[in-house]
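Residue-level listing of the chains:
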Amino acid sequence: MTSIVQTLSGTTAPSSSIARRAFMGRTGTLSAVAVALLAGQDAMAQGMSADTSKDLGILNVALGLEHEAINAYQLGAGSGLLQKGVLDVAVRFQSDHKAHRDALITTIQKLGGTPVMEKKLEEYAKALKADTLRNQTDVLDLAARLELGAINAYLGVIPAFGSKDLAKVAARLAADETMHFTVLTSTLGRPLPAGALSFGA
Amino acid sequence: MRSLVMRRTWMAVSLWTALLALAGSPMVARAQSAVRGQTLFESRCTACHSLDANRVGPALQTVVGRKAGTARDYEYSPALAGAKHRWNRQMLLAWLTDPETVVPGQRMGLQVEGAADREDIVAFLTAKGAGRTTSE
């Protein structure tokens, strides 16, 4: 599976060093087990004890965000409002979110949890007010807002992490969404952020 | 003529005094806090929440005063669905400080670190919900 599982592999610290870190069970954190699974290192994940219920809750919230992003891009792609080149980029970004979704589902299942289900497209359309989209700018603006929210969500959990490895995972996910956001705002012709340190503030 | 000038001067002084007093009033401070809170809400909360629609998290427009776990049509965690409290300022501040201490087993993984930021977000939600009924 070409996904974030592969993207994140090869950067996690040895299992012994992770296992020593006392960060499990804190609100806003994932356990070392989840880190290992997200990093695609099943062997490392096996045999670890952790309060996985907290991990599963956070992973499912992240999965909910990915479901929403996938459907938002679907609504945009199906709206007929996007020009060909923009549509191609939107589909590419959607595929990134699908890869995130697949990795999260795999991780949740390996931890013994039940992945949160995707809702119907109509429900996302209602929640995101898709009926108000009138042109390409509206679609891109919606996508940019969702991507910015995801960036800030990932950055927002970093301070709660006791593990540098987990903080790095969250930072890399935020970087992925930042790439999306940057392309979208550039396409919208919007200026650069007014100053440094604008994300996560 | 002199009397008219003095009266106008007095009125101007009174007006400026009133404006200066208003600028430092709690009412203006709350309004400023709510404005800043909107920016913070858009930055920190809108990944999961909207004011008027359930998304990954429940709609928040009428959260102030609402019984916990009762936003219409939102599927809560068992922990929050079983909570007994009502969301007032103090409870929301505690929630934003550390949700897990308020309702163990809840699902929100984010915290708002700064006390001033928490106050402003709650001020914003309070302002948005003013005069609206909760969605119980």
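In case you missed it, the structure is sitting above this.
Owing to the predicted nature of the structure, the values given are computational and were not obtained by experimental measurement. (Residues numbered from 1 in each chain as written. Chains lettered and ligands numbered in written order. Predicted model: local features only at pLDDT ≥ 70, side-chain atom pairs only at ≥ 80, totals over all residues. Heavy atoms only, no water.)

Caption draft 1: Focus on the interface of chain B and chain A. With 19 residues of chain B in contact, the opposing surface of chain A contributes 23 residues. Carbon and sulfur atoms make up 55% of the surface buried where chain B meets chain A, a total of about 1600 Å² over both sides. The partner of Asp 52 of chain B in a salt bridge is Lys 129 of chain A, and the shortest N-O contact between them spans 2.8 Å. Across the chain B-chain A interface, the total number found is four residue pairs in polar contact (both at pLDDT 80 or more). Those elements giving two or more residues to the side of chain B that touches chain A turn out to be α2 (26-44) and α5 (99-102) of chain B. (Contact = heavy atoms within 4.5 Å. Buried area = accessible area lost by both parts, 1.4 Å probe. Salt bridge = Lys/Arg side-chain N within 4 Å of Asp/Glu carboxyl O. Polar contact = N/O pair within 3.5 Å; in protein donor to acceptor, adjacent residues only side chain to side chain. Helix = DSSP H or I, 4+ residues; strand = E, 2+ residues; numbered from the N terminus.)

Caption draft 2: Up close: the environment of Leu 59 of chain A. Inspection of the secondary structure assignment puts Leu 59 of chain A in helix α5 (residues 52-77). A residue is classified by how much of its surface remains accessible, and Leu 59 of chain A, at 1% relative accessible area, is buried. (Buried < 20%, exposed > 50% of the residue type's maximum accessible area, 1.4 Å probe, protein only.)

Caption draft 3: Main features of the environment of Lys 126 of chain A. For Lys 126 of chain A, the position within the fold is in helix α7 (residues 121-127). Lys 126 of chain A sits 29 residues away from His 97 of chain A along the chain, and the two C-alpha atoms are 20 Å apart.

Caption draft 4: The arrangement of the packing of aromatic side chains in detail. All names here are of chain A. Using the criterion set out here, one finds five aromatic pairs over all chains in the structure. Measuring from centroid to centroid gives 5.6 Å for Phe 181 and Phe 199, while their planes differ by 90 degrees, and the two rings are edge-to-face. Highlighted residues: Phe 181 in helix α9 (residues 164-187) and Phe 199 in the segment after α9, separated in sequence by 18 residues. The exposure class of Phe 181 is buried, given its relative accessible area of 14%. (Phe/Tyr/Trp six-rings, centres within 6.5 Å; stacked < 30°, edge-to-face > 60°.)

Caption draft 5: Looking closely at the side chain of Asp 117 of chain B. Residues and elements named next belong to chain B. Structurally, the position occupied by Asp 117 is in helix α6 (residues 115-129). Judged by relative accessible area, which is 11%, Asp 117 ranks as buried. The residues touching Asp 117, leaving out its near neighbours within four places in the chain, are Arg 36, Leu 40, Arg 44 and Val 112.

Caption draft 6: Representation of the side chain of Ser 50 of chain B within the structure. Residue and element names in this part refer to chain B. With respect to the helices and strands, the residue Ser 50 is situated in the loop between α2 and α3 (78-81). One polar contact links Ser 50 to Arg 55, side chain to side chain, over a distance of 3.2 Å. Beyond its immediate chain neighbours, meaning those up to four positions away, Ser 50 contacts Arg 55, Pro 58, Ala 59 and Leu 60.

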